[in-house]
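Below are the chains, spelled out letter by letter.
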Amino acid sequence: MAAPNTGEYIPQCIAVPYAWPRRMRKAGRGGKRRDWRASVYPHGRLKLRPPDAARRRQREEKLRLYRSAMAALMDKRSRGELDAEALELTAAVLSANPDVGTCWNLRRCALPRQQPDWVPAELSFVGGCLGVNPKSYGAWHHRLWVLGHAPAPPPRPAERALCARLLAADPRNFHAWEHRRALGAEEDPEAELAFAGDLLSRDFSNFSAWHHRLRLLLPRPGGALPLPRLKAELELVQSAVFTDPHDQSAWVYLRCLLSKAAPPPRVVCLHVDREDATLAVTFSRPVLVGAGQLRAWLDGSALPGAWLSAEGRPRPAHTWLCPLPPATPPGKPRLHLRVTWAPDPAPRELTLPADQDEAWWQEPIAARELFWPEVGVSDPALLQELAQTCRELLELEPRSRGCLLTLVLLLWALDPELHAPETRRRLRELREADPLRGGFVADAASRAEAGLAVLGAGPAGGGGVAKLRLNGKALTSLPLVERAPLVQELEVAGNELGGLPPALGGLRRLRVLDASHNKVETLRGFPPLPRLEELRLDGNPISHASALAPLAACPRLARLRLAGTPLSSAPEAAAHLSRLLPRVEVALA
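Residues numbered from 1 in each chain as written. Predicted model: local features only at pLDDT ≥ 70, side-chain atom pairs only at ≥ 80, totals over all residues. Heavy atoms only, no water.

## What about the sheet that holds strand β10 (residues 344-352)?
Strand order in the open sheet formed by four strands is β6-β5-β9-β10, and the pairing between neighbours is antiparallel. Every interior strand has two partners, whereas the edge strands, β6 (301-302) and β10, have only one. (Pairing = 2+ DSSP bridges. Helix = DSSP H or I, 4+ residues; strand = E, 2+ residues; numbered from the N terminus.)

Structure, rendered in structure tokens:
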């Protein structure tokens, strides 16, 4: 924490560093208090404070010395006197409280003016400060600065030994772990892996050690481990999860081992509508289209129009729209469109025949992208073996939430349609085992149901009606609808939806939307859908006509059902709706 320019700043950690008597450490949480007051801190460690009267006197004395030292420091800095006395003053403050950022800054200004052999003494001083507070951001940052200004290469064995001592006291000291990586752990990765493995053998519940191990094995996102190394790591994970199935650290590490960087966004669908005079481009992931990134040509001429989000807001979106110029000559000429996306050099082309009003191109849907797009292991035998291991562990520990979640992801990676019944059962078990994260599990179940529906619907072809049925699936969200951009009828009745997402703006062909009997109170954020003709909102808690205002931007909306809503029994509902939506037939009963 950096101090302001006045000497009146009082740091939060002003008390004398707490003592840790050996007898109290051995006693643990059940140690006798006598005239000491114990309070439990993270990782089960005890910090003891002296009685109030003594602590108050020590605090007042410490505060007096701190104010005196800071006043003298501010005076010397104002005069530009960053000399040996300034270093002594900063040392006096930092030795008691290493978190005063102003003092570290002053030392960095004063040290280069000293004799050239100041590095060893400064490293020793910082080591003492780390003894006071092993997790001081300022002290660790200053130590790296000192090592960076050393005339000779830093003494890495000594630095690693310091980190080892601090990690022996607290294996979760992430500052020490990061310092080891900053020293160049990649120069001897096997030694670092052995060091992390030694700490994991003492305590598998060490997120920092798992993270250090992962950074050594996969220094770059998107990398893949050789199969022998991957199997060795999986054996280590198996030992950890069978030791403590409820600890999350090994499960997180396993999912990271099996994952890779998310694939970059690419164009997955083109749709051109002659009547709407719009070209729609759908991406595999939300993107924010910048200048010159997304370009389109019509019959060899670049389209000058600006790209607009189909969601109606300047945020990353799946679908982006470009207006088409008026037809010349008038009528329905044949149109040829070509689209390029800067990060993906492959162009996408689409032809609109002269006798049709719309045309589209859609990339085949890969099931794995819908459910677990980051999975990086493609060997089905290995994934099946891991899934079977999870099943065996669940027979012993049926409420291991890490195991349940990992099994769901493995089933998605193997074959989501084949394993759909087991996936639903495991998600129900996960919700029972982890009620505090019920929302997360419900969203995961919603993604599973939406993905299965998208896979089952298939592409719309030959002018046929493409339907997406998600009735009564207990959906709390509506993901993956952008992967069905050609759907014409969407049924999501009887779910737990609290709203209709802006991502529906990508459904340019949608004619009928049934969202009856959900929990929708307002349509705020509902996008303008150019072909929407019928909307069913029966049984939703909609109370005010103003909540339906976004529907005025849907040019073809002709029928709106509101039976069973609080608005349907309001005395002036019909009059308000007729003024708001004059061209829409509203059914209130």
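## So, the confidence of the model for the protein chain
Chain-level statistics for the protein chain give a pLDDT mean of 85 and a share of 89% at 70 or above. Counting contacts from residues 1-41, a segment whose pLDDT is below 50, to residues more than four positions away or on other chains yields 74 contacts. Every residue in residues 460-465 scores below 50 in pLDDT, and together they form nine contacts with partners more than four places removed in sequence or on other chains. (pLDDT = per-residue confidence, 0-100. Contact = heavy atoms within 4.5 Å.)

## Overview of the pattern of salt bridges
Should the charged atoms of two oppositely charged side chains come close, the side chains can pair. Following the criterion strictly, the structure yields 43 salt bridges and no others. Residue Glu-233 is joined to Arg-229 by a salt bridge in which the shortest nitrogen-to-oxygen separation is 3.5 Å. Placement of the pair is Glu-233 and Arg-229 together in helix α11 (residues 227-243), with a separation of four residues, close to one helical turn. Note on Arg-229: relative accessible area 25%, which makes it partly exposed. The closest approach of N and O atoms between Glu-533 and Arg-511, which form a salt bridge, is 3.2 Å. Taken together, the residues span a long stretch of sequence, with Glu-533 in the loop between β14 (512-514) and β15 (534-536) and Arg-511 in the loop between β13 (489-491) and β14 at a distance of 22 residues. With a relative accessible area of 24%, Arg-511 lands in the partly exposed category. It is possible to trace a salt-bridge network through shared partners that takes in Asp-75, Lys-76, Arg-79, Glu-81, Asp-83 and Glu-85. (Salt bridge = Lys/Arg side-chain N within 4 Å of Asp/Glu carboxyl O. Buried < 20%, exposed > 50% of the residue type's maximum accessible area, 1.4 Å probe, protein only.)

## Examining the sheet that holds strand β3 (residues 267-273)
Read across the open sheet, the five strands follow the order β7-β8-β4-β3-β11; overall the sheet is antiparallel. With partners counted over all chains shown, the strands left at the sheet margins are β7 (308-309) and β11 (358-362), one partner each. Where β7 lies against strand β8 (residues 317-323), two bridges are found, and the strand directions are antiparallel. The residue of β8 that forms the bridge with Ser-309 is Trp-320.

## Quick look at helix α4 (residues 101-110)
By the criterion of burial, α4 is predominantly enclosed, with eight of the 10 residues buried. For α4, every residue scored as buried is listed here: Gly-101, Thr-102, Cys-103, Trp-104, Leu-106, Arg-107, Arg-108 and Ala-110. Those residues of α4 hidden inside the fold are in contact with α2 (52-78), α3 (84-96), α5 (118-132) and α6 (137-148).

## Overview of helix α8 (residues 174-182)
Here α8 has its buried residues at His-175, Ala-176, Trp-177, His-179, Arg-180 and Arg-181. On its buried face, α8 is in contact with α6, α7 (156-169), α9 (189-202) and α10 (207-217). The N-capping residue of α8, defined by a side-chain oxygen 3.1 Å from the backbone nitrogen of His-175, is Asn-173. Two residues or fewer after α8 comes Gly-184, characterised by a positive phi angle close to 100°. (Polar contact = N/O pair within 3.5 Å; in protein donor to acceptor, adjacent residues only side chain to side chain.)

## Side note on the packing of aromatic side chains
The full count for this structure, using the stated rule, is eight aromatic pairs. Ring centres of Trp-210 and Tyr-253 lie 4.6 Å apart, and the angle between their planes is 35°; on these two criteria the pair is classed as tilted. Residue Trp-210 is found in helix α10, and its partner Tyr-253 is found in helix α12 (residues 249-258); the two are separated by 43 residues along the sequence. Looking at Trp-210, the relative accessible area reads 2%, which means it is buried. Of the aromatic side chains, those joined through ring pairs into one cluster are Phe-204, Trp-210 and Tyr-253. (Phe/Tyr/Trp six-rings, centres within 6.5 Å; stacked < 30°, edge-to-face > 60°.)

## Things to note about the pairing of strand β5 (residues 294-298)
Extensive coverage of β5 is indicated by the burial of four of its five residues. Sheet analysis places β5 next to strand β9 (residues 335-341), joined by five bridges and oriented antiparallel. Within β9, the position partnered with Trp-297 by the bridge is Arg-338. In the sheet, β5 pairs with β6 via two bridges, with the strands oriented antiparallel. Bridge pairing in β6 places Leu-298 opposite Ser-301. Here β5 folds back onto β6 in antiparallel fashion, the turn holding two residues, of which Asp-299 has a positive phi close to 55°.

## Concerning the nonpolar core
Grouped together as the largest cluster of nonpolar side chains are 132 residues, with contacts concentrated most on Leu-513, Phe-526, Leu-537 and Leu-548. Residues contacting Phe-526, with those up to four places away along its chain left out, are Leu-500, Leu-504, Leu-513, Leu-532, Pro-550, Leu-551 and Cys-554. In terms of nonpolar packing, the next biggest core, distinct from the first, is built from 24 residues, Ala-296, Ala-317, Leu-335 and Val-339 among them. (Core = buried A, V, L, I, M, F, W, Y, C linked by side-chain atoms within 4.5 Å.)

## Comments concerning the layout of surface pockets
What the second largest pocket holds in volume is close to 360 Å³. Around the second largest pocket, the lining is made up of 18 residues, and of these Phe-371, Leu-409, Trp-412, Phe-440 and Arg-447 lie nearest the centre. Breaking the lining of the second largest pocket down by element, the ones donating at least two residues are α12, α15 (401-414) and α17 (438-457). Considered class by class, the residues forming the lining of the second largest pocket number 12 nonpolar, two polar and four charged. (1 Å grid on protein atoms, 1.4 Å probe; cavity = no way out; pocket = protein on both sides within 12 Å on 5 of 7 lines; lining within 4 Å. Points joined across faces, edges and corners; volume = space filled by probe spheres on them. Nonpolar A, V, L, I, M, F, W, Y, C, P; charged D, E, K, R; others polar.)

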